[in-house]
Amino acid sequence: MIPNGVLDPLALSQLWDRQWPECPPFAYWLRGHYPDRWVRFHSLPESKRYPDNEAEYAIVLGRHYTVLSDLDPGPDLLVITAEWTDTPATTPQQWPRRSEVAPAAQHWQTLIEEPDEDPDFRSYTQLYTETRPWQPGIIDTLLRAVADDEIRGVILGPSDLRWLYHPYDGGADVILPTRAERDALKERHRAWLSDHPAGL
């Protein structure tokens, strides 16, 4: 747990390692490491990827908040956002939109996705964290930026990280504590599943 919403980077890293030992916090790696506990929901009818108007943004937000409310974050929602840099330093940023939609987030850790890559071409993932008091609507700006592909690598979860929610431009990947919980969530929101045989 994260006491009183105060984020201790070391404690958060230890918590992540306990809950998700098979995968570092690269958002798009999660479904590959936990396929038996993963489900993907699409954010628009007929698997349309990008919203074109406010009515469609309302559908996108409504689906995100419906699933998140079903998952029940508790009093606080942990928000992890990502940035990429060419060096271990946190600046200059390649995706400055992240700091606009999550200005209160604090730096958590720096990861290297491909440590064997030529250092001249290496990309560093900078992870930032914050907690927000949970209620639908609390992350509208962030979710709209995700929907527009203005930011990537977002992970949401409760303070104990018992489940993970990765919104992307087009939907969300959810990783549940057990296969049974995954199956139950999948059944409750079956209308939002993909027709793709692999669930993508």
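Before reading further, recall that the structure is shown in the block above.
What you are looking at is a predicted structure, and each value in this text was computed from that prediction instead of being measured.

(A) Representation of the overall build of the protein chain within the structure. Along the backbone of the protein chain there are six helices and seven strands. Along the chain direction, N to C, the helices and strands of the protein chain fall in the order α-α-β-α-β-α-β-β-α-β-β-β-α. Against the 2.2 N^0.38 benchmark of 16 Å for 200 residues, the protein chain shows a C-alpha radius of gyration of 16 Å, consistent with a compact globule. Dimensions of the protein chain, computed from the C-alpha atoms along their principal axes, are close to 45 × 35 × 35 Å. Looking at the protein chain as a whole, 48% of its 200 residues are labelled buried. Partitioning the contacts of the protein chain with sequence separation of at least 6, the portion at a separation of at least 24 is 68%.

(B) Focus on the packing of aromatic side chains. Enumeration over the complete set of coordinates arrives at five aromatic pairs. Their ring planes at 50° and their centres at 4.5 Å tell us that F26 and W29 sit as a pair that is tilted. On the basis of relative accessibility, which here comes to 5%, the residue F26 falls in the buried class. Judged by relative accessible area, which is 23%, W29 ranks as partly exposed. The lysine or arginine in question, R31, covers the ring of W38, its NZ or CZ lying 5.9 Å from the ring centre.

(C) Looking closely at the side chain of H189. Here H189 lies in the segment after α6 (179-188). Look at H189 and you get buried, because its relative accessible area is 10%. For H189, the residues in contact, after removing those within four places along its chain, are F41, T66, V67 and D70.

(D) Representation of the environment of D169. Tracing the backbone through its elements, the reader meets D169 in the loop between β6 (164-168) and β7 (171-175). Taking the C-alpha atoms as reference points, D169 and D140, separated by 29 residues in sequence, lie 14 Å from one another. Excluding residues that lie within four positions of it along the chain, D169 makes contacts with R49, Y50, V146, A147 and D149. For D169, the side chain forms a polar contact with the side chain of Y50, separated by 2.5 Å.

What counts and how
- Residues numbered from 1 in each chain as written.
- Predicted model: local features only at pLDDT ≥ 70, side-chain atom pairs only at ≥ 80, totals over all residues.
- Heavy atoms only, no water.
- Helix = DSSP H or I, 4+ residues; strand = E, 2+ residues; numbered from the N terminus.
- Rg over C-alpha atoms; globule rule 2.2 N^0.38 Å.
- Buried < 20%, exposed > 50% of the residue type's maximum accessible area, 1.4 Å probe, protein only.
- Contact = heavy atoms within 4.5 Å.
- Phe/Tyr/Trp six-rings, centres within 6.5 Å; stacked < 30°, edge-to-face > 60°.
- Lys NZ or Arg CZ within 6 Å of the ring centre and 35° of its normal.
- Polar contact = N/O pair within 3.5 Å; in protein donor to acceptor, adjacent residues only side chain to side chain.

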